[in-house]
Amino acid sequence: MAVVARGRCFPRAWLRRRAWQGCGREYRVAICTELKQPLAIEEVSPRSVRPHEVRVDVHFCGVNFADILICHGQYQEKPPLPFTPGMEFSGIVLETGADVSTVKQGDSVIGWSVLNCLAEECVIDEKTLWKIPEGVTLREAAALPITYGTAILALEHRACTQPGETVLVTAAAGATGLAVIDVATNVLQAKVIAAAGSEQKCRLAMQRGAHSSVNYSQGSLKEAVRKLVGNGGVNVVIDTVGGDVFLEALRSLAWEGRIVVVGFAGGTIASVPANLLLLRNISAMGISWGQYRHKNFPLFSSILSSALQYCQQGRIRPHIGAEFKLEEVHFLMCDSRPPVSVPMEPGTTVTQLGTCPCSFQVSESLGSSSG
C-alpha cells in the first residue's frame with residue numbers, strides 16, 4: 001500500500017453492524033462520491049440475486065490501504081464515481097441464487113471482492129465465498145483474507161519457508177507484518193526477526209511471537225541483523241517497505257536466501273543489484289495477492305481455506321485492536337485526517353487491526369500492492 005503521507009501509515013480497522021431486520025429493507029453503505037473526500041453513509045435498496053450469487057448480511061468488513069488508494073484515485077483499478085469501497089468481509093448468508101451449491105442460508109462466510117464490501121449487505125459470486133468453520137468467530141474470520149492470505153502466500157508458496165529457518169519481516173507491527181509473524185512462528189515453526197520503526201512497534205511484534213526485533217530507525221538494519229544471526233544471514237525476507245530498508249534486508253540474506261516484495265510503504269521502489277543475486281544465489285520475487293484470484297484461483301482459494309483451518313486449529317490468532325461505528329467511517333478515505341483501515345460485527349462498529357507501524361498501520365503493513 002504505497003501512498004504514504006510523509007511517513008504516515010494507515011491503520012487497519014473493521015466495520016460492525018446491527019443484526020438483520022428483515023428481507024427487502026433498505027440497508028446502509030459507505031459511498032465514495034468524490035476522491036480524497038469523506039465517505040457518505042447512505043441507505044440503498046437491495047437488488048435481486050443472480051443464479052450464481054449470494055446475498056450476505058455483513059457483520060465485519062475489512063478496510064485496507066488498497067481501499068484508501070482507490071478512494072484517492074491512486075490504485076491500479078479506478079472505478080467510476082460513485083462507488084462503495086471494501087474488499088473483504090464476514091457475515092451470514094441471507095439468500096442464494098438458483099445455481100448456488102456451495103453455501104446455504106444461515107451459513108457463516110468470509111468473502112473477497114475489489115469493491116462493495118463496506119456495507120451492511122453484500123451480493124457476491126458464490127465462488128468468492130468461503131464457509132467459516134466451527135470455533136472461528138466472524139470477528140476473527142474477517143481479519144484473515146487479505147493480511148493472512150498475503151502472509152501465507154508469501155511464506156509458503158513463494159518463499160517455501162522451512163521449519164527452523166530464520167525469517168526477517170519489515171514493517172513488522174503492521175497488519176501484514178503481524179500476520180507474517182503469526183504464520184511463520186506458529187504454523188511453519190520458523191524463527192522470526194521483526195524489524196520496525198520504533199521501540200513500541202518492536203515490543204508489539206515481540207508480544208505477537210517474534211523471537212527478536214530490530215528498530216531500523218536507530219541504525220543499519222543489515223548490521224543489526226548480523227549481530228543477531230552472524231555473517232550467515234537470514235533465510236527469508238518478507239519486505240513491505242522498499243527503498244533502503246529493502247536493500248539492507250537483501251544484503252542480510254544467507255546463501256540461497258529468498259526475499260519477497262509485498263509493497264513499498266516507504267514510498268521508494270528500490271532497484272535490485274543483480275550481482276548480489278548471482279554471487280549469493282539469492283532469489284528475489286514479488287506477490288500481488290489479488291491477482292491470484294484471476295491467474296491461479298485454485299491456489300487463491302486453497303490459501304484462504306488454509307487460513308481458516310489454521311485459525312480453527314488455534315495455530316494463528318489475528319490481532320484486532322479497536323472498533324468504530326459505521327457512521328464514523330466517513331473520515332477514513334479523506335485527506336483531512338489520516339485514514340483508518342476498517343473489520344464489521346453486529347452492532348455496527350469498525351475494528352482496527354494491529355497498531356500503527358508508522359503513525360498508523362495498514363500502509364506500512366501491506367505496501368502498494370495489497371489486494
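First, a word on scope: everything that follows refers to the structure included in this document.

Conventions adopted
- Residues numbered from 1 in each chain as written.
- Predicted model: local features only at pLDDT ≥ 70, side-chain atom pairs only at ≥ 80, totals over all residues.
- Heavy atoms only, no water.
- Helix = DSSP H or I, 4+ residues; strand = E, 2+ residues; numbered from the N terminus.
- Buried < 20%, exposed > 50% of the residue type's maximum accessible area, 1.4 Å probe, protein only.
- Areas by Shrake-Rupley, 256 points an atom, 1.4 Å probe, with all protein chains shown as cover.
- Polar contact = N/O pair within 3.5 Å; in protein donor to acceptor, adjacent residues only side chain to side chain.
- Contact = heavy atoms within 4.5 Å.
- Pairing = 2+ DSSP bridges.
- Axes fitted to C-alpha atoms, helices over the stretch in contact; angles between N-to-C directions.

Details of the overall build of the chain
Reasoning step 1: Summing up its helical and strand segments, the chain has 11 helices and 16 strands in all.
Reasoning step 2: Of all 371 residues assigned to the chain, the portion counted as buried reaches 58%.
Reasoning step 3: Carbon and sulfur atoms provide 48% of the accessible area of the chain, an area that totals close to 14,200 Å².

Here we look at the side chain of Glu165
Reasoning step 1: Mapped onto the fold, Glu165 is located in the loop between α3 (147-158) and β9 (166-169).
Reasoning step 2: At 2.9 Å, the side chain of Glu165 forms a polar contact with the backbone nitrogen of Gln162.
Reasoning step 3: Among all residues touching Glu165, those that are not within four sequence positions of it are Cys160, Ala190, Lys191, Asn235, Val236 and Arg258.

Regarding the sheet that holds strand β12 (residues 234-239)
Reasoning step 1: Taken in spatial order, the 6 strands of this open sheet run β11-β10-β9-β12-β13-β14, and their pairing is parallel. The open sheet has two edge strands, β11 (212-215) and β14 (283-286), and neither has a second partner. Strand-to-strand twist in this sheet, taken as the mean axis angle between neighbours without regard to direction, amounts to 20°.
Reasoning step 2: The sheet contacts of helix α6 (residues 221-229) involve β9, β10 (191-196), β11 and β12, and relative to β11 the element is tilted by about 155°.

What about the environment of Arg28?
Reasoning step 1: Among the structural elements, Arg28 can be located in strand β2 (residues 27-31).
Reasoning step 2: Taking the C-alpha atoms as reference points, Arg28 and Ala119, 91 residues apart in sequence, are found 5.9 Å from one another.

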